[in-house]
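Understanding the architecture of this molecule
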Amino acid sequence: MALPLTQYLEAGTYDGVDIAAAGIEWCAVHVGARYDNFRFHRLDLRHPLYNPEGAMDTREVRLPFADAAFDFAFMTSVLTHFQADEIRAYARELRRVMAPGARLFVTAFMLNRPAREGLLAGRGLLPFDGAAIAPQLHAYADNPAAAVAYDEDFLLSLFLEAGLRRSRPPVYGRWSGRPTPGLSFQDINIREIEAERR
């Protein structure tokens, strides 16, 4: 995501965060060294695929930024490797660092009726069981973190708990073989800070 944004982001700053040391090092050398407004930060959080020896539990995530520091945040292909309690922790932290009016761009595998129909028809691109009724499904039982799908309403509730609501209809992707997919592989959501009730 950082590479194309170097050609557009002139007035603001970009802070990239990841748990994969090699990815952060590459970005720091190839992007951060050339663009002063692009910075990269590694979180040493445990993940069975991307950082199994991490020093901290993912549910203890603390982003290295002040409250309300960002007007835009994104998580691409992150939720697809997280368990529900990890999503809750990240949602709370993202809400903390988002300024009033900020938006959050998130991709996920969301299960709803058309997605399940595509999976049941054998059109899915990942081996999720479209007949299974659960808030969270794993494509690979022997490697649960490889690909995780969530019931759409359940996923929405995890973000609503943190005060982040979906601000526009999602763009559904191709992963499930649904009849009317969008251009992306994963489903795309835009979330905003929930308005305070009076």
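The notes below deal with the structure included here. (Residues numbered from 1 in each chain as written. Predicted model: local features only at pLDDT ≥ 70, side-chain atom pairs only at ≥ 80, totals over all residues. Heavy atoms only, no water.)

Right, let's get into the nonpolar core. Within the largest apolar cluster, 33 residues are counted, with the highest numbers of intra-cluster contacts made by L79, I87, L104, L155 and F159. Listing elements by their share of this core, those giving two or more residues are β3 (70-75), α3 (84-97), β4 (98-108), β7 (148-151) and α5 (152-161). In terms of residue count, α3 provides more of this core than any other element does, seven residues in total. In contact with L155, not counting residues within four places along its chain, are L79, I87, A108, M110, Y150 and R191. Counting twelve residues, the second largest nonpolar core, distinct from the first, contains L111, L119, A139 and A149. (Core = buried A, V, L, I, M, F, W, Y, C linked by side-chain atoms within 4.5 Å. Buried < 20%, exposed > 50% of the residue type's maximum accessible area, 1.4 Å probe, protein only. Helix = DSSP H or I, 4+ residues; strand = E, 2+ residues; numbered from the N terminus. Contact = heavy atoms within 4.5 Å.)

Another aspect to go through is the sheet that holds β7. The three strands lie next to each other as β5-β7-β6, forming an open sheet whose pairing is mixed. Taken across any chain shown, the strands that pair with only one partner, and hence form the sheet edges, are β5 (110-111) and β6 (136-138). Inspection of the sheet shows β5 paired to β7 by two bridges, in the parallel sense. By the bridge assignment for β7, M110 is matched with Y150. Lying on the sheet, α5 is in contact with β5 and β7; it crosses β7 at an angle near 90 degrees. (Pairing = 2+ DSSP bridges. Axes fitted to C-alpha atoms, helices over the stretch in contact; angles between N-to-C directions.)

Read these as geometric descriptors, not functional statements.
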